[in-house]
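Here is how the chains run, residue by residue.
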Amino acid sequence: PRSTRNKTGDAEVDPLLPVVGEAMSGLVKMLRVFTRMDETILVSGPTGAGKSRLAKWCHSNSTRGDGPFETVDLLTIPEEMQMAELFGWKRGSFTGAVKDQEGYVTRAEGGTLFIDEIDKLSLKAQAGLLNLLETRKYRALGDRTEHKADLRFIVGTNADLPQAISEGRFR
């Protein structure tokens, strides 16, 4: 971990979490345990609450902290391109695919992939991501070869996921 004791020795100071009040201290204590595991972490909270900063902190304090940390913000990717951006593509796999392109999953190999706004993931891309989470294998669009994935996932949202599940918008 990159945190240190302050001058009084009773509170930790962390460059990625410069302000941790009493309300957050319990959460940070619990996250210290989960950061050392490879399980997927869901970070939820309102816009501006620091979800991406908390994801980066979890990565840097994990066993994968020396590996890459990739962030994909689903608000910036059109639904029809989500699968391609996550898994990559081979040249010729669709109109405009003039060269092979690595996806976020490949670029995060050995490290952490933070998927922000996970509730914006299309149902088709959700199916692909669920398969990846279960099997740890994926294929780039247009690729016949299946690849093994060695990365950790952290996902963020400000949405009410239980409600989205009950409405059939999230799997």
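For the structure, check the block above.
This structure is a prediction, so every number in the text was calculated from the model and none was measured.

Reading the values: rules and limits
Residues numbered from 1 in each chain as written. Predicted model: local features only at pLDDT ≥ 70, side-chain atom pairs only at ≥ 80, totals over all residues. Heavy atoms only, no water. Core = buried A, V, L, I, M, F, W, Y, C linked by side-chain atoms within 4.5 Å. Buried < 20%, exposed > 50% of the residue type's maximum accessible area, 1.4 Å probe, protein only. Helix = DSSP H or I, 4+ residues; strand = E, 2+ residues; numbered from the N terminus. Contact = heavy atoms within 4.5 Å. Polar contact = N/O pair within 3.5 Å; in protein donor to acceptor, adjacent residues only side chain to side chain. Pairing = 2+ DSSP bridges.

A. Fine view of the nonpolar core. If you look at the biggest cluster of nonpolar residues, it comprises 23 residues, and the most contacted ones within it are Val72, Val105, Leu113, Ile115, Ile118 and Leu132. Elements with a contribution of two residues or more to this core: helix H3 (82-87), helix H4 (104-107), strand E5 (112-116), helix H5 (123-135), strand E8 (152-157) and helix H6 (161-166). No other element matches H5, which puts three residues into this core. Apart from the residues within four sequence positions on either side, valine 105 is in contact with Leu86, Phe87, Leu113, Leu132, Tyr138, Ala149 and Leu151. Ranked by size, the runner-up nonpolar core spans 11 residues in total, among them Leu31, Leu54, Ala55 and Phe114.

B. Examining the environment of aspartate 73 more closely. With respect to the secondary-structure elements, aspartate 73 resides in strand E4 (residues 69-73). Sequence spacing of aspartate 73 and serine 52 is 21 residues, and the spatial spacing of their C-alpha atoms is 9.9 Å. Dropping the residues within four chain positions of it, aspartate 73 is found in contact with Asp116 and Glu117. In this structure the side chain of aspartate 73 is engaged in a polar contact, spanning 3.0 Å, whose partner is the backbone nitrogen of leucine 75.

C. Region of the structure containing unusual backbone geometry. One non-glycine residue, glutamate 117, lies in the positive phi region at around 60°. Here glutamate 117 lies in the loop between E5 and H5. Assessed through its relative accessible area of 10%, glutamate 117 is described here as buried. Positioned with a positive phi, arginine 136 is a non-glycine residue whose angle comes to about 60°.

D. Structural context of the environment of threonine 47. Inspection of the secondary structure puts threonine 47 in the loop between strand E3 (41-44) and helix H2 (51-60). The exposure class assigned to threonine 47 is exposed, which follows from its relative accessible area of 66%. In this structure, the C-alpha to C-alpha distance between threonine 47 and alanine 159, residues 112 residues apart in sequence, is 9.7 Å. At a separation of 2.8 Å, a polar atom in the side chain of threonine 47 contacts the side chain of asparagine 158.

E. Representation of the pairing of E8 within the structure. E8 sits mainly inside the fold: six of its six residues count as buried. Burial of E8 is two-sided: the residues Arg152, Ile154 and Gly156 facing one way and the residues Phe153, Val155 and Thr157 facing the other way are all buried. Strand direction decides the pairing type here: E3 and E8, joined by four bridges, are parallel. Considered in E8, the bridge of isoleucine 41 is made with isoleucine 154.

F. Structural view of H2. The element H2 is largely enclosed, with a buried count of seven among its 10 residues. Those residues of H2 not exposed but buried are Lys51, Leu54, Ala55, Trp57, Cys58, His59 and Ser60.

Limitation: the analysis is restricted to geometry and does not speak to function.
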